Amino acid sequence: MTLKRVVLVVTCLVVAVLGWMFAVSQWETASRIATVASALAGVAAVGVGIWAALPGTSRSAIVVRETGTAKTAGKGNAVTGYHGSGSARPVTVERTGDAEATGDGDAISGYSEK
C-alpha cells in the first residue's frame, strides 16, 4: 500500500470516528451541528491536502538525450535513440546522434518500437 493510500485511509477513519462520536453525543443546539460539520470538513480537508501533496506512484519516464554516433555492418543494429517495445511510460528522445548501417543492418536515430 502506497503512502498516499495510507494517508487517505487514515483520514477517512478519523472522519468516521469523529462523526460517530458527535452522533452518539447529545445534540443540544443548532450551533453544535455547525461545529460538527466544520470539524469533519476541516479534518477531511487537511487529510486530502496532505494526500494531494504526496508524490504519485507513476513510473519514471524514459529519456534519451545527446547521444553519439552509432555504426553497424552486416545484420546488426545501430541505435542512437530508443528502440524498444510499446512502453506505457512516456518516452522522450532529443538531439540524437547519427546512426549508420551498411549491409542488412538497421539504423535508428530517434525512436523506434520493436
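Along each chain, residues carry numbers from 1 onward, in the same order as the chain's sequence is written. Only residues with pLDDT of 70 or above have their local features reported here, since the model is predicted, and side-chain atom pairs are shown and tallied only from 80 upward, although totals for entire chains, interfaces and linings are computed over all residues. Side-chain descriptors were evaluated using all non-hydrogen atoms of the structure, hydrogens and water having been removed beforehand.

A. Representation of the overall build of the protein chain. Secondary structure elements are defined from DSSP: runs of H or I of at least 4 residues count as helices, runs of E of at least 2 residues count as strands, and each element is numbered from the N terminus. Looking only at helices and strands, the protein chain has 2 helices and 8 strands in total. If you list the helices and strands of the protein chain from N to C, you get α-α-β-β-β-β-β-β-β-β. Considering only residue pairs separated by 6 or more positions, the protein chain has 67% of its internal contacts joining residues 24 or more positions apart. By element, 58% of the accessible surface of the protein chain is carried by carbon and sulfur atoms, the whole surface being about 7,900 Å². The criterion used for residue contact is that any of the two residues' heavy atoms lie within 4.5 Å. For the accessible areas, the method is Shrake-Rupley and the probe is 1.4 Å, while residue cover comes only from the protein chains on display.

B. Looking closely at the pairing of strand S2 (residues 70–73). Only protein chains enter the area calculation, which uses a 1.4 Å probe; residues under 20% of their type maximum are buried, those over 50% are exposed, and those in between are partly exposed. Only one face of S2 is covered, namely the one carrying Ala70 and Thr72; the face carrying Lys71 and Ala73 has none of its residues buried. Bridge count for S2 against strand S6 (residues 99–102) is 4 bridges, and the pairing is parallel. Bridge assignment links Lys71 to a residue of S6, and that residue is Glu100. A pair of strands is labelled paired if DSSP reports no fewer than 2 bridges between them.

C. Geometry of the side chain of Thr80. Position of Thr80 relative to the elements: it lies in the loop between strand S3 (77–79) and strand S4 (82–84). Here a polar contact is taken to be a pair of N or O atoms separated by no more than 3.5 Å, where protein atoms must pair a possible hydrogen donor with a possible acceptor and residues adjacent in sequence count only if both atoms sit in side chains. At 3.0 Å, the side chain of Thr80 and the backbone oxygen of Gly97 are in polar contact. Polar contacts involving the side chain of Thr80 include one to the side chain of Ser109, which spans 3.3 Å. Apart from residues no more than four positions distant in its own chain, Thr80 is found in contact with Val64, Thr67, Gly68, Thr69, Ala70, Thr96, Gly97, Asp98, Ala99, Ile108, Ser109 and Gly110.

D. Local environment of the pattern of salt bridges. Salt bridge, as used here, is a side-chain nitrogen of Lys or Arg placed within 4 Å of a carboxyl oxygen of Asp or Glu. Enumeration according to the criterion identifies 3 salt bridges in this entry. We note a salt bridge from Glu94 to Arg65, for which the minimum N-O separation is 2.8 Å. Placement of the pair is Glu94 in strand S5 (residues 91–94) and Arg65 in strand S1 (residues 62–65), with a sequence separation of 29 residues. When its relative accessible area of 46% is taken as the criterion, Arg65 is described as partly exposed. Residue Arg95 is joined to Glu94 by a salt bridge in which the shortest nitrogen-to-oxygen separation is 3.9 Å. We classify Arg95 as exposed; its relative accessible area is 53%. When its relative accessible area of 29% is taken as the criterion, Glu94 is described as partly exposed. Several salt bridges converge on common partners, so that one network encompasses Arg65, Glu66, Glu94 and Arg95.

E. Representation of unusual backbone geometry in the model. Phi angles above zero are rare outside glycine, and Glu66 is one such case at about 45°. Its place among the elements puts Glu66 in the loop between S1 and S2. In this model, Arg95 sits at a positive phi of 50°, which is unusual for a non-glycine residue.

F. Here's a closer look at the environment of Val14. Looking at the secondary structure, you find Val14 in helix H1 (residues 3–24). Separated by 30 residues in sequence, Val14 and Ala44 place their C-alpha atoms 8.5 Å apart.

G. Spatial organisation of H1. Every helix has an expected span of 1.5 Å times one less than the residues it contains. Its 22 residues give H1 an end-to-end C-alpha distance of 32 Å, which sits within 8% of 32 Å, the value for a rise of 1.5 Å per residue. Within the span of H1, buried status applies to Lys4, Val7, Thr11 and Phe22. Seen end-on, H1 carries its buried residues on one side only, within an arc spanning 65°. Seen from the open side of H1, the exposed residues pointing more than 90 degrees away from its buried face are Arg5, Leu13, Trp20 and Val24. Taking the helix axis as origin, the arc is that swept by the directions to the C-beta atoms.

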